[in-house]
Amino acid sequence: MKRATTLAEIKRSLNPKPLKLEELDEFFVETSDVRDPQLSRRDAIYDRLDVEPNAKVLLAGHAGSGKSTELVKFQAEHADRYVFVRLSMIEDGEAGNASVEALLVLIVEAVLREMGARDVRLSEKTLTSIHGWFDETFQVKQEELEYTGSVGGGIDSASGFWGKLLGVTAYLKADIKTGSGLLSKTITRENKRLPQLAHQCGLLIKEAQLALRQGSQELLLILEDLDKVTVGEADDIFIENPAALANLPAKAIFTAPISLFCNPRAAVLDPHFVVETLPMIKVDDQQGKPYKAGRSVIEHILSQRVDLEAAVERRALVLAIEKTGGVLRHLFLVLQQAAAAASQAIRRGKREKERITEADVRYGLNRLKSDLLRRIGVMGLPKEFEGISTDDLYQRLKELVGKPQRVPADNVNLLLLQSHALVEYNGEQWHRVHPLVAEHIEMLTGS
Amino acid sequence: MIPFDAAELEGLVDLLRDCPGRISAVVVPGQETGTALLELLVKALPELTFEVMEESATPGEIGRRAQELGSSQGNVLVLRLDRRLRPESEDHEEGFWRRLNYQRERLASGDVRSCLFMDGVGNDRLALLADDLYEWVMFFRFPAPAARSGPRMSESPLRMSDRLVDGTPADLDVLRDQWRRAREAGLPEQELVWDYTRPLFAALVRSPRIDEASRLWKNELRDGDALEALPDEQRLGLLLDACLLARYEDRERFTSRAREYVATAEKVLTRERSRDSGHASTSIARSLFNIGYMQSDLGEREAAQKSYHEALEVYRRLAAQHPAAFEPDVATTLNNLGTVQSDLGEREAARKSYHEALEIRRRLAAQHPAAFEPDVAGTLNNLGAVQRGLGEREAAQKSYHEALEIYRRLAAQHPAAFEPDVAMTLNNLAILQRDLGEREAAQKSFHDSLEIYRRLAAQHPAVFEPNVAGTLNNLGTVQRDLGEREAARECYADALGIYAPLAEKYPRAFAHKLEMALRGYASVTPESEDDPWWRLWRELTRQPEDAPT
């Protein structure tokens, strides 16, 4: 694919979505060394999965740190050994309706689809039994299934129990999306049907495993975007009810919010999950000096998509990389905004050259800074954060700015990490205030 | 013309005519009776439309049809479960009933009257396998079917873990099939054990398929290395099921497995606590409860009391957040704590625990009578025993009477499940009546209890014969007090006939009971060389020659 040279092309090419499998060859840039020179996280995950049967890995990292792309690369590297079933809590489900129950239903649906796509035959006896449970538990009417089938791309509910089961789970998936509540009303904590649902999900996974064994492969579940659910939902899924996911009879990787590990209750995760954190790409070292290798990799990532020399002024590029602190998603957003600002300037006749300038980048950075600062607040937080004020957050930022360090896992730092005001770097885990937030704090303190 | 019980028939006709949205069960001895009865019902209720469902209909189809009929008035949906051919395997049969259970709401939806014809076997299956549905059914028996019974495990951790069991016995066929294929596929042993053997074993134990479960345990789990290789948390789950299995096997095996369970559970608990940082966790509460239960069963009562206290503390915290989910657990733990306190002689504390458990269970039963009334009765029974021990005899009598009233009501609906409880409560009440000097009343209560236990023992001798012997012994004592020495002698002799072989096989459990019955027998029977019980009594009471006098 041609690298972007025009502003319109830049806006299109800097889509901050994770890479897809088919995009790897063109766009993927190895970042492991500048995240943690000691150990590649993909290798670490592979080793963890290799050692333990049915290992469950929680891959933590800031939103935008590149977790999904790393997992796509992982999939490409190990496609011979594993059959990957990927699903996203955002795309397949609904972030606001995240729950263990929803995840289990989504897993059943995704496994069925993957097996169907690969033409893997599953035991009809098992499918009949699982369908029986779903049918009688949820009692979805045939006409509703047919409607879901027609809107959902023509699920053939007549073709054996694979189709029937897919029909019911697709219906439930739509229920999760729309939040109409059939799942949450049918499987409640009070009626304790969650273990039954987990059991049915396990039966299907085991069936798939048995079929895949014949080709010397096994299932690997990847559940993404769990790092985008609320603190309460993440707590409910991983801390309060870890067994349902941890006992699934397959290896699995879940992307998890970094905040999950920032309190003492994270120890509850130990027997169920192994945790791998994907560090951010460093743009400065721990002493605050520019980290050339990191900046160079980021530039390389950009250069895969954009003809930087032609489209971005050098000083603008350096500024964008420095001020986004290694958060690739932020960098992409800033450059998109900058490209938009440049386009407008051209349309209004203020300039002619299709090139992003330092002023354009500054505009993009200011927009991002406003977003980041808006998040430093305590309105509408769950009750476990009661007693923390916005002043407390700013006070902590004042204490941390300019002093990269390992911060303690308390609720104030947890909120700062979640809001991206604080960013965590490499395997030795140190934190610094996001460069744009730091600018604001320094302005406030006059330093 | 088959003669039908007029009162029963009248009741059924009234229910069908006057109560739309109700489910009735008609228990008949065979298809012929069922057909004759149905003809009679159709004639007696011309204003209703009877629809007989196809015998091959699946539970889902049955439910859907009931729902459709429920939208208009005057329909009776008849299920001829008595005519249904038993499927090729027991597991399929079991699956049918378990799935029918899920159709409860549909069978009672709108204006439909669902009428389930079944034979005695069907009655038992409904009770055992479709317990939610069973609770909604009004029974009419033509004539009364054979009852099936078994021991209830009302307060054990196994009951609590049933909520956590991954799967239902309805999946047995699938679990067996997957296990067989996994074995053939040559999976690594740990994977085979955890993903395939363990779920199958759990489902077999809970079904219960004791012989098959025993074989699986012995051949695939206990004697293999895989069990040792499993992490403690996983091994614990297996051991809990193995303890349940051992209950069906023998006491010694149960003891050794229970000890292993407690040791492993304590290790896991220590780890869980170190991770938990004071947070109320369900798994900690459950572990503590299970440990307490096993310790209590092993006779380690002080340790059990401590474990229950700790479990209670955690469950209370959980119940404060989710009352509906955890209040039953608070009550169960209080109930068991009371029992241990009572065994330790701490009767005041026991009474307090039972009172609190009772208060919670009464509240729960007011909302969900079918689910919690048996628990209310169970705690009343326990409370009665403690009140008796504290000399509060009138209060004890009141508690027993209330428990008896509840159990009798439940037994009328579900004889298989609750007749043993009626018999046990009658026995307790009789002992109290004897204490109060009400010997005739005591004699009658023992008689009633004995009658039930004998009926139950005819079906399950291993389970209920010791109860028969115990009640005979008690009855003998009352009769002796009443001066009816010959009747007393007969009771003691019958009790001895049961205790003697049991004491030979399980001396630790039955030797002292044998001795007690011999003492009673000797007190009402003239000494005789020809009397084998007298000879045994003399043998037992003879002083060793070198013993000091």
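Report on the accompanying structure. (Residues numbered from 1 in each chain as written. Chains lettered and ligands numbered in written order. Predicted model: local features only at pLDDT ≥ 70, side-chain atom pairs only at ≥ 80, totals over all residues.)

## Quick word on the overall build of chain A
For step 1, the next point in the chain: In terms of helices and strands, chain A carries 21 helices and 7 strands.
For step 2, the next point in the chain: Per-residue burial for chain A yields a buried fraction of 47% across its 447 residues.
For step 3, the next point in the chain: Pairs at least 24 residues apart make up 75% of the contacts formed inside chain A by residues separated by at least 6 positions. (Helix = DSSP H or I, 4+ residues; strand = E, 2+ residues; numbered from the N terminus. Buried ≥ 20, exposed ≤ 12 C-beta atoms within 10 Å, placed from the backbone. Contact = placed C-beta atoms within 7 Å.)

## Some details on the sheet that holds strand 2 (residues 82–88) of chain A
Hydrogen bonds along the backbone pair up the strands of a sheet, which may run parallel or antiparallel.
All names here are of chain A.
For step 1, the next point in the chain: As summarised here, the arrangement of the 5 strands in space is 2-3-4-1-5, forming an open sheet in which the pairing is parallel. Strand pairing shows two members of the sheet lacking a second neighbour, strand 2 and strand 5 (274–277), which therefore form its edges. Sheet twist, expressed as the mean angle between neighbouring strand axes with direction ignored, is 20°.
For step 2, the next point in the chain: With 4 bridges joining them, strand 1 (residues 56–60) and strand 5 adopt parallel strand pairing. From the neighbouring strand, leucine 58 faces strand 5, where its bridge partner is valine 275.
For step 3, the next point in the chain: Its contacts with the sheet put helix 4 (residues 41–51) on strand 1, strand 4 (251–256) and strand 5, and the angle it makes with strand 5 is roughly 170°. (Pairing = 2+ DSSP bridges. Axes fitted to C-alpha atoms, helices over the stretch in contact; angles between N-to-C directions.)

## A few points about the pairing of strand 1 (residues 23–27) of chain B
Residues and elements named next belong to chain B.
For step 1, the next point in the chain: Counting buried positions along strand 1 gives 4 out of 5 residues, so the element sits mostly inside the fold.
For step 2, the next point in the chain: Looking at chain direction, strand 1 and strand 4 (residues 113–118) are connected through 5 bridges and run parallel. Bridged to valine 27 within strand 4 is methionine 118.
For step 3, the next point in the chain: Bridge count between strand 1 and strand 5 (residues 137–141): 5 bridges; the pairing is parallel. Within strand 5, the residue paired with valine 26 across the bridge is phenylalanine 140.

## Some details on helix 20 (residues 411–418) of chain A
Helical geometry note: an α-helix holds 3.6 residues per turn, so side chains three or four residues apart project in the same direction.
All names here are of chain A.
For step 1, the next point in the chain: The buried count for helix 20 comes to 6 of 8 residues, which makes it a mostly enclosed element.
For step 2, the next point in the chain: Three or more residues of helix 20 are buried, namely Asn413, Leu414, Leu415, Leu416, Leu417 and Gln418.
For step 3, the next point in the chain: The inward-facing, buried residues of helix 20 contact helix 19 (390–400) and strand 6 (422–425).
For step 4, the next point in the chain: The first or second residue beyond helix 20 is histidine 420, which carries a positive phi of 70°.

## A few points about unusual backbone geometry
Excluding glycine, most residues fall at negative phi; most peptide bonds, likewise, are trans.
Residue and element names in this part refer to chain A.
For step 1, the next point in the chain: Positive phi is not limited to glycine here, since asparagine 54 has a value of about 55°.
For step 2, the next point in the chain: Its location among the elements puts asparagine 54 in the loop between helix 4 and strand 1.
For step 3, the next point in the chain: Its identity as a non-glycine residue notwithstanding, aspartate 119 has a phi of 60°, on the positive side.
For step 4, the next point in the chain: Within the fold, aspartate 119 resides in the loop between helix 6 (100–117) and helix 7 (124–138).
For step 5, the next point in the chain: For aspartate 119, a count of 6 C-beta atoms within 10 Å translates into the label exposed.

## A closer look at the nonpolar core
For step 1, the next point in the chain: One finds Leu104, Ile107, Val111, Leu335 and Leu397 of chain A to be the most contacted residues of the largest nonpolar core, which totals 244 residues.
For step 2, the next point in the chain: Among the elements that make up this core, the one with the highest residue count is helix 6 of chain A (12 residues).
For step 3, the next point in the chain: Not counting residues within four places of it along the chain, the set of residues in contact with leucine 397 of chain A comprises Leu416, Ala421, Val433, Val437 and Ile441 of chain A.
For step 4, the next point in the chain: In this structure, Val26, Leu77, Met118 and Tyr134 of chain B belong to the second largest nonpolar core, which totals 33 residues. (Core = buried A, V, L, I, M, F, W, Y, C linked by C-beta atoms within 7 Å.)

## Brief notes about the sheet that holds strand 1 of chain B
All names here are of chain B.
For step 1, the next point in the chain: Spatial ordering of the open sheet is given by 2-3-4-1-5, a layout of 5 strands whose pairing is parallel. Either end of the sheet is taken by a strand with one partner, and the two such strands are strand 2 (49–52) and strand 5. With direction set aside, neighbouring strand axes in the sheet form an average angle of 25°.
For step 2, the next point in the chain: Where strand 2 lies against strand 3 (residues 75–80), 4 bridges are found, and the strand directions are parallel. Bridged to glutamate 51 within strand 3 is leucine 77.
For step 3, the next point in the chain: Packed onto the sheet, helix 3 (residues 59–69) meets strand 2, strand 3 and strand 4 and runs at close to 165° relative to strand 3.

None of the figures reported here should be taken as evidence of function without further support.
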